[in-house]
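Listed here are the chains, written in short residue letters.
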Amino acid sequence: MSHLLVPLPRRAAALGPVLPPVAVVALLALPPAGDGAGPADVMSALAVGYCVVRLLRERRRPLSPRAAVVLGLPVVGLALAAMGSGSAAAGIGGMGRYLQVFVLVPAVVLVLLRGRADFRVLAWSFVGLALWQGAVGVHQYVTGTGASYQGETVRAVGTFGAQDVMGMATAVSLGVVCAAGLALGRAPRRQRVAAAGCALVLVLPLALSFSRGAWIATVLTCSVQLALAGLRRALKVGAAVVASGVVLMGGLGVGTAMLSERVDSITQVTDAPDQSVIDRYTLWAAATGMWREEPLTGVGLKGFPEHRDGHATLALSSGSDIEGAGETYRRQALLSPHNMYLLVLSEQGLVGLLTLAGSWLALLVCAVRGLLRVRRRGPGLDCGLVACGLLLWQLTDYAYGDIGGPSTVLTGVALGLTAWWGLARDERPDTARPDGVAGRLEEAVAR
């Protein structure tokens, strides 16, 4: 019981460094304030400032040389693309957004996290956000107050609204990945059971998001996590997922008609594609055309909307329908190719794609190496599964989506978790075991 006698101020001080990134995740539970920076974006800027002040006070090196190279690599392509933008404002704004998501926020998470205890606190915050957004999404489906889908306001979008239909799907998917990683680790049984229960519960709102890209990325990522955790666990969890799917789809009749049609549409992208698939192919072709014109540096940051009509065919529709979840009917212009790799290729060229994708690949290699080292006996298997899963999910989802909307900052926090596991885990002595006040807090929660 000694771990329960830690004074409350000391407990709060122990969690102090990890609270800013946790606050970024928590603020995404609020509805977006408008088209500008949301509360989570503002909090991410404050977290950067807090991190700088903390480093100055402690007089320590912010990043190792390897971490500085890996996280700083995208700056090269971004600088060249910003200089080629149509306007200075567009270049500065676009560069600021990319730096926030892919450089600054990941670096802040890497610096502030001090060990596996902090890592798990932040991972559980992802699960908490997913549960909240998922609950709101299920309520929207049941009450018919969600975003419009096939003429009915049943699409689960959480608090993100109809203009960011991918926001809830992203939050819930990342929550599933974190919960699956925590469940497959070597934590106390109670914690693993709770994480597995959360993962199964989140399957329902993920299905009701009707997001094909999120489905594919989540299934692939969780399958890889299961394979890395071992064959026996993979069979047990796979059976549980199949059973829950049968109960939800068959026993409860959750969205059977619409959901079945949406699943079938994944395999009909060439035979009988719907208009959304046609638009996506047309936008992909337009992005490829822009790259052919400027193969090295692209058309400039935020240049895709300006050059879209000059490269798109007449098959492209005027926009997508926005309605429901508090929004009146309107048409939303299609201003991105809905493919992160093609967006970077069109706006930043080969230089931008190689530097940004090179940073992601380096992070993935470092994270996987760390996971393989602890796979059999080492501590932190759950952290390794979470870290690798978050990046794998993002890399897969980027084939069907790109950055944009309030949920984008969540990507930066997820990359920060991967960066900590792959780049900083072995450089800090307190990561070897959950000791100190933070460690006792982790053990108390687990019990």
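Bear in mind the structure is a predicted one, so any value in this text is a computation, not a measurement.

Draft legend 1. Spatial organisation of the pattern of salt bridges. Applying the stated criterion to the full structure yields 5 salt bridges. Of the charged contacts in the structure, one is a salt bridge between aspartate 118 and arginine 114, with a shortest N-O distance of 2.7 Å. Residue class for arginine 114 comes out partly exposed when judged on its relative accessible area of 23%.

Draft legend 2. Seen up close, the packing of aromatic side chains. The full count for this structure, using the stated rule, is 9 aromatic pairs. With a centroid separation of 5.9 Å and 35 degrees between ring planes, the pair formed by tyrosine 98 and phenylalanine 102 is classed as tilted. Of this pair, tyrosine 98 and phenylalanine 102 both sit in helix α6 (residues 88-112), 4 residues apart, which is roughly one turn of the helix. The class for tyrosine 98 is buried, based on a relative accessible area of 4%. Using a relative accessible area of 3% as the deciding quantity, one classes phenylalanine 102 as buried. Ring geometry for tyrosine 281 versus tryptophan 284: centroids 5.7 Å apart, planes at 55 degrees, classification tilted. Pair noted here: tyrosine 281 and tryptophan 284 are both in helix α13 (residues 275-293), with a separation of 3 residues, about one helical turn.

Draft legend 3. The arrangement of the pairing of strand β3 (residues 320-324) in detail. As defined by bridge partners, β3 adjoins strand β4 (residues 327-332) across 4 bridges and the pair is classed as antiparallel. For serine 320, the partnering residue across the bridge sits in β4 and is glutamine 332. Hairpin geometry of β3 and β4 is characterised by an intervening segment of 2 residues between the two adjacent antiparallel strands and by a positive phi of about 55 degrees at alanine 325.

Draft legend 4. Structural context of unusual backbone geometry. Positive phi outside glycine occurs at lysine 302, with the angle close to 60 degrees. With respect to the secondary-structure elements, lysine 302 resides in the loop between α13 and α14 (304-311). Phi at histidine 338 is positive, roughly 55 degrees, even though this residue is not glycine. Residue position: histidine 338 is located in the loop between β4 and α15 (340-374).

Draft legend 5. Structural context of the pairing of strand β2 (residues 152-155). Where strand β1 (residues 147-149) meets β2, 3 bridges bridge the pair, whose relative direction is antiparallel. Along β2, the bridge assignment pairs serine 148 with threonine 153. The turn linking β1 back onto β2 is made up of 2 residues, and glutamine 150 within it adopts a positive phi angle of 55 degrees.

Draft legend 6. Representation of the packing of helix α7 (residues 116-143) against helix α8 (residues 165-183). Taken N-terminus to C-terminus, the directions of α7 and α8 make an angle of 135 degrees; their axes are 8 Å apart at the nearest point. Classified by the interaxial angle, the pair formed by α7 and α8 is oblique. When the axes of α7 and α8 are compared, the crossing they make is left-handed. Residue-level contacts link Arg120, Ala123, Trp124, Phe126, Val127, Leu129, Ala130, Gln133, Gly134 and Gly137 of α7 to Met168, Ala171, Val172, Leu174, Gly175, Cys178, Ala179 and Leu182 of α8. The residue makeup of the contact of α7 with α8, split by class, is 13 nonpolar, 4 polar and 1 charged.

Draft legend 7. Examining the confidence of the model for the chain more closely. Per-residue pLDDT for the chain averages 83, and the proportion of residues at 70 or more is 81%. Considering only residues more than four positions removed or in separate chains, one finds that residues 426-447, a stretch of pLDDT under 50, has 48 contacts.

Draft legend 8. View of helix α5 (residues 74-83). Along α5, the residues classified as buried are Pro74, Gly77, Leu78, Ala81 and Ala82. The buried residues of α5 occupy an angular sector of 130 degrees when projected down its axis, which confines them to one face. Elements in contact with the buried residues of α5: α4 (65-72), α6 and α15.

Draft legend 9. Molecular detail of the side chain of threonine 282. Its location among the elements puts threonine 282 in helix α13. Since its relative accessible area comes to 8%, threonine 282 is described here as buried. A distance of 2.8 Å separates the side chain of threonine 282 from the backbone oxygen of isoleucine 278, its partner in a polar contact. The contact partners of threonine 282, leaving out residues within four places of it in the chain, are Ala312, Thr313, Ala315 and Leu316.

Draft legend 10. Broad picture of α4. Within α4, the full set of buried residues consists of Ala67, Val70 and Leu71. With its buried residues spanning 90 degrees around the axis, α4 presents them on a single face. Seen from the open side of α4, the exposed residues pointing more than 90 degrees away from its buried face are Pro65 and Val69. Buried residues in α4 make contact with α5, α6, α15 and α17 (408-424).

Draft legend 11. Geometry of the side chain of serine 173. Examined against the element boundaries, serine 173 turns out to sit in helix α8. What makes serine 173 buried here is its relative accessible area of 0%. One polar contact links serine 173 to threonine 218, side chain to side chain, over a distance of 3.2 Å. Setting aside residues up to four positions removed in sequence, serine 173 forms contacts with Leu206, Ala214, Thr218 and Trp393.

Conventions used here
- Residue indices begin from 1 for each chain and proceed along its sequence in written order.
- At least 70 in pLDDT is required for a residue's local features to be given in this predicted model, at least 80 for side-chain atom pairs to be given and counted, and no such filter applies to totals for whole chains, interfaces and linings, which use all residues.
- Each side-chain value is derived from all of the structure's non-hydrogen atoms; neither hydrogens nor water enter the calculation.
- The term salt bridge refers to a pairing of a side-chain nitrogen on Lys or Arg with a carboxyl oxygen on Asp or Glu at a separation within 4 Å.
- Relative accessible area decides the class of each residue, using a 1.4 Å probe on protein chains only: under 20% of the type maximum gives buried, over 50% gives exposed, and in between gives partly exposed.
- Side-chain rings of Phe, Tyr and Trp, where Trp is taken by its six-membered ring, are said to pair if the distance between their centres is within 6.5 Å; with planes under 30 degrees apart they count as stacked, over 60 as edge-to-face, and otherwise as tilted.
- Each helix is a run of H or I in the DSSP string that is no shorter than four residues. Each strand is a run of E no shorter than two, and both are numbered from the N terminus.
- The pairing criterion is simple: DSSP has to find at least two bridges between the two strands.
- For helices, the fitted axis covers only the stretch in contact; all axes are lines through C-alpha atoms, and the angles between them, taken along N-to-C directions, range from 0 to 180 degrees.
- Roughly parallel means an angle under 35 degrees; roughly antiparallel means over 145; roughly perpendicular covers 65 to 115; every other angle is labelled oblique.
- Take the far helix as the reference: if the near one is turned anticlockwise from it by less than a right angle, the crossing is left-handed, and if turned clockwise, right-handed.
- It only takes one pair of heavy atoms within 4.5 Å for two residues to be counted as in contact.
- Ten residue types, Ala, Val, Leu, Ile, Met, Phe, Trp, Tyr, Cys and Pro, are classed as nonpolar, four, Asp, Glu, Lys and Arg, as charged, and the remainder, Gly among them, as polar.
- The pLDDT value tells you how sure the predictor is about a given residue, anywhere from 0 up to 100.
- As used here, the arc belongs to the directions running from the helix axis to the C-beta atoms.
- Polar contacts here mean pairs of N or O atoms no more than 3.5 Å apart (in protein, one a potential hydrogen donor and the other a potential acceptor; neighbouring residues in sequence count only if both atoms are side-chain atoms).

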